[in-house]
Amino acid sequence: MSETLDRAMSEQDKSGDSTLHVSTRKTLSLKGGGRDTSTVRQNFSHGRSKAVVVEKKRRRVSGPGDATAEPVARAATPAPEPAAPTPAPKPEPAAPRRSKPGMVLRTLSDEEKDARSRALAESRVREAEERKHAEEEAARRAAEEERLKKERAEEAQRREEEARRAEAEAQAQSQREAAEETPQPRPAATTDRPAAATPRPATEEDASRGRRRGPAQPENRPARTPSSGERRRGKLTISNALDDTERGRSLASFRRRQQREKRQTTSDQQKISREVIVPETITIQELANRMAERAVDVIKLLMQQGQMLKMNDVIDADTAQLVTEELGHTVKRVSEADVEEGLDRGDDAEDTLKPRPAVVTVMGHVDHGKTSLLDALRKTSVVSGEAGGITQHIGAYQVTAPDGQLVTFIDTPGHEAFTSMRARGAKVTDLVILVVAADDGVMPQTVEAINHARAAEVPMIVAINKMDKPDADPSRVRNDLLRYEIVVESMGGDVLEVEVSALKGTNLDTLLESIQLQSEILDLKANPDREAEGTVVEAKLDKGRGPVATILVQRGTLKVGDIVVVGAEWGKVRALVDDQGAQVKQAGPATPVEVLGLNGTPDAGDRLVVVANEARAREVTDYRQRQRRDALLARGASARTSLADMMTALKDDQLKEIPIVLKGDVQGSVEAIIGALDKLGTDEVTARVISSGVGGISESDVTLAAASQAIIVGFNVRANKQARDSAETNGLEIRYYNVIYDLVDDIKDVMSGMLAPTLRETFLGNAEVLEVFTISKVGRVAGCRVTEGKVERGAGIRLVRDNVVIHEGGKLETLKRFKDDVKEVPAGQECGMAFENYQDLRQGDLIECFRVEEIERTL
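Analysis parameters
- Residues numbered from 1 in each chain as written.
- Predicted model: local features only at pLDDT ≥ 70, side-chain atom pairs only at ≥ 80, totals over all residues.
- Heavy atoms only, no water.
- Helix = DSSP H or I, 4+ residues; strand = E, 2+ residues; numbered from the N terminus.
- Buried < 20%, exposed > 50% of the residue type's maximum accessible area, 1.4 Å probe, protein only.
- Contact = heavy atoms within 4.5 Å.
- Pairing = 2+ DSSP bridges.
- Right-handed = clockwise from strand over helix to strand, strands pointing away.
- Patch = residues over 30% accessible without salt bridge, like charges linked within 9 Å, V, L, I, M, F, W, Y side chains within 5 Å.
- Areas by Shrake-Rupley, 256 points an atom, 1.4 Å probe, with all protein chains shown as cover.
- Salt bridge = Lys/Arg side-chain N within 4 Å of Asp/Glu carboxyl O.
- Axes fitted to C-alpha atoms, helices over the stretch in contact; angles between N-to-C directions.
- Parallel < 35°, antiparallel > 145°, perpendicular 65-115°, else oblique.
- Left-handed = near helix turned anticlockwise from the far one by under 90°.
- Nonpolar A, V, L, I, M, F, W, Y, C, P; charged D, E, K, R; others polar.
- Lys, Arg positive; Asp, Glu negative; His and termini not counted.
- Charge placed at Lys NZ, Arg CZ, Asp CG, Glu CD.
- Core = buried A, V, L, I, M, F, W, Y, C linked by side-chain atoms within 4.5 Å.

Further remarks concern the overall build of the protein chain. Within the protein chain, the regular secondary structure consists of 19 helices and 36 strands. Looking at the protein chain as a whole, 36% of its 859 residues are labelled buried. When contacts within the protein chain are restricted to residue pairs at least 6 apart in sequence, those whose partners lie at least 24 apart make up 66%.

In this section: the pairing of strand 26 (residues 685-694). Here strand 25 (residues 656-664) runs beside strand 26; their pairing, made up of nine bridges, is parallel. From the neighbouring strand, Ile660 faces strand 26, where its bridge partner is Val689. Taking the sense of rotation as the criterion, the β-α-β connection linking strand 25, helix 16 (residues 667-680) and strand 26 turns out right-handed.

The next subject is a nonpolar patch on the surface. Residues Leu482, Val487 and Met491 make up a contiguous nonpolar surface patch of roughly 200 Å² in combined accessible area. On the secondary structure map, Met491 appears in the loop between helix 12 (474-482) and strand 14 (496-499). Exposure remark for Met491: the relative accessible area of 35% places this residue in the partly exposed category.

Time to look at unusual backbone geometry. Of note, the phi angle at Asn507 is positive, near 60°, even though the residue is not glycine. Its location among the elements puts Asn507 in the loop between strand 14 and helix 13 (508-522). The partly exposed category is assigned to Asn507, whose relative accessible area is 35%. Unusually for a residue other than glycine, Asn716 sits at a positive phi of about 60°. Secondary-structure assignment places Asn716 in the loop between strand 27 (711-715) and helix 18 (721-730).

With that settled, consider the sheet that holds strand 10 (residues 395-400). On the basis of which strands lie adjacent, the open sheet formed by six strands has the order 10-11-9-12-13-14 and mixed pairing. Across the chains shown, the open sheet's two edge strands, defined by having one partner strand only, are strand 10 and strand 14. Going across the sheet, the axis of each strand differs from the next one's by a mean of 25°, ignoring polarity. Pairing analysis gives six bridges linking strand 10 to strand 11 (residues 406-411), with the strands arranged antiparallel. Each residue of the ladder has a partner; that of Tyr397, found in strand 11, is Phe409. Where helix 11 (residues 444-456) meets the sheet, its contacts fall on strand 9 (358-364), strand 12 (431-437) and strand 13 (460-465), and the angle it forms with strand 12 comes to roughly 165°.

What follows concerns the packing of helix 16 against helix 19 (residues 740-753). The geometry of a pair of packed helices is captured by two quantities: the angle between their axes and the separation between those axes. Where helix 16 meets helix 19, the closest approach of the two axes is 11 Å, and the angle between their N-to-C directions is 30°. Relative to helix 19, helix 16 is oriented roughly parallel. The hand of the helix 16/helix 19 crossing is right-handed. For the pair helix 16 and helix 19, the contacting residues are Ile673, Ala676, Leu677 and Leu680 in the first and Ile740, Leu743, Val744, Ile747, Lys748 and Met751 in the second. Tallied by class, residues from the contact of helix 16 with helix 19 come to nine nonpolar, no polar and one charged.

Moving on: the pattern of salt bridges. Summed over all chains, the structure comprises 40 salt bridges. Residue Arg333 pairs with Asp318 through a salt bridge whose shortest N-O separation is 3.3 Å. Placement of Arg333 in strand 7 (residues 330-333) and of Asp318 in helix 8 (residues 317-326) is noted, with a sequence separation of 15 residues between them. The class for Arg333 is partly exposed, based on a relative accessible area of 42%. Accessibility expressed as a relative area gives 47% for Asp318, which makes it partly exposed.

Right, let's get into a negative patch on the surface. On the surface, a cluster of negative charge is contributed by Asp403, Asp509, Glu513 and Glu520. On the secondary structure map, Glu513 appears in helix 13.

Here strand 13 lies mainly inside the structure; six of its six residues are buried. Across the two faces of strand 13 the burial is the same, with Met460, Val462 and Ile464 and Ile461, Ala463 and Asn465 all buried. One ladder, built from six bridges, connects strand 12 with strand 13; its direction is parallel. Of the residues in strand 13, the one forming a bridge with Val436 is Ile464. For the crossover from strand 12 across helix 11 to strand 13, the handedness is right-handed. Summarising the sheet, strand 13 and strand 14 pair through four bridges and their orientation is parallel. Across the sheet, the residue bridging to Ile464 is Glu499, located in strand 14. At this point the chain moves from strand 13, through helix 12, to the parallel strand 14, and the crossover so formed is right-handed.

Further remarks concern the nonpolar core. In this structure, Val360, Leu373, Phe409, Ile433, Leu511 and Ile515 are the most contacted members of the largest nonpolar core, which totals 23 residues. If one sorts the elements of this core by residue count, helix 13 sits on top with four residues. Within the second largest apolar cluster, 21 residues are counted, among which are Val769, Val791, Ala795 and Met833.

Shown next, in the form of structure tokens:
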């Protein structure tokens, strides 16, 4: 064995191989200087197995002379199948200790260490050379990239220069062609040689195409002219493929471009700056039409401002002004109220004024004889037709004075509900006649009439009526007027007074003379030669004539056929009827007439104005109707601020409403009734008029009342057959009235019945608890002595302990005197008490008995 090892070592020295070989069948070897190999059996599924060679490589971690290494295992390729096993040689007895076959446990020799040191030194040299080579390669690559970068920059600069040169040549060619008005005639070809193509300036696309092909061709190189049978862009042939001649731009293309630029320049020069009228709100399409711009351009500007809108969307005036100014136009801001400009035509010139009749308003307390006095002046009988003997409308009449001049009288109602009607009468009048009954004196409505006259700043004449009565006392009237700073002439004042009797006709001429005297002092004049203006004294809906408005013409002349605007209504005057019922063609200043032809019933107190055409009338009335709707909505919102407030009010039963559908004969009466009902309302109950109008009760009114559970009230009107049948079907009652007193009293009674009753507590007596007993099936019973008043069975009780009320409510369920049930026990006697649903009784408690009474409330 030692001879074999010596022979292997000698062969290693000769060949330079560091591997030791043994000349036996199972060779012991050392490969690579530091690698140990072994074979393991790897098992697989289905009983298969394979031999795998595992190498353990030792790496040196210190200097070249250090033999310490870290074993690293790695799997080698599968080992070939082993050959047939051969018997191993018998080990020598003097051999060293062996752990595994094929391994030699000994240290490396000096030669092996030198060999490994040389290998490590060569490896370091090789690594240094490779590092140097990598650095040289990196420097070479950087230089190459820098060169390529410079070439690309030069190429881009060259492209830009070629593009600028091509653009300059194109502009020069365009200018040359623009200078030529007509193209030069092309001479006929005398030879078979094709004519040269028209050179065209190179573009950036051509420059890039030329760079792909190679060097650019000269500019003056003649282009190949296609033959007659060859199309301009025909199929690809060998000649077409080999021909690199650039195609020139046609003359027609340059002409189209020139015309396009000319149109653009012309459109810019012809753009007109307009003055655009911008209202409070306007649609985008309407704004574009007023500017003569495209709606798309307006939407584009709004999109730039962050607003995504469509053509039919509405924008406010500020946004419209920004857009208009951005497009180069000027803005004129207007508001919706500007539609009423021009309706008020101002004062007339002094030389156009002519004398007119005086307008006198008769005012005073109810039942003081206002209408009777007016009847005596007109020699008619109006009072006999008044319901209840009181005036409930404003009547306008004309009376002829003894000197032949006309005087216009306006009769106002005296009931307190007609305050607004008296106020309107004072506003349209020139003179006020204050009628005071000599047997009644100054009353509340008399004072109110005085205040209206002072507010209107008109003179006053006091007519002391009913002088024919035995208890008439005119001195009392004069003294009562002094309290309101009215001093009559008989007492040294400046207010005219006349003692009259409407029943006997006493001193009526004196009253008319006083009116004429006061009119001369006022010097009343108006211009009749102009478009009429007036005031609605009263309005109603007549079944046969439609809406009828009583108009007092104040200036101008109202004629049949005029187009008028009356408040929120308009119409064409079809007929004019005077106070005697006769039709007239025209009405001058201070003349009361009934106007027929309106499209709706106006409100009393509205102004009448004559306009030029129907379009103007519709424009004004549409605006006023919108304003009225907004006011109604605002009033409804203030009455019910939110749904939460309504629910809270219903939950707490704080507010109860009586819905009413009201129809009247004239607008003034409806207005007065609504005002009277509003005054009846309290914090707990109120009357709400959900619908009101002038005219008879219709089927639609009944339908509305049925849906709203409302009361239908008719004042001086009646329901038609369809409305009566519908009301009977729905179980509704229609109440008719012709006197405002009865209407207000009935509604007041209904509202009083809806008020919660007032609870009044009456003290009965006190009892002291002496002892408390517990009785089966009864509970705790208190033995008491009545100390004050009396106690009654069924009365309310209040338990007081140490001067503190610990229980209140319930009733005194049981009251016994000895073993008998009694109704009451007087003071000083003892009794037994048991409470309803309460058992906590103690000795020494004080029981207080009381009775609660409900008292009905009234408005």
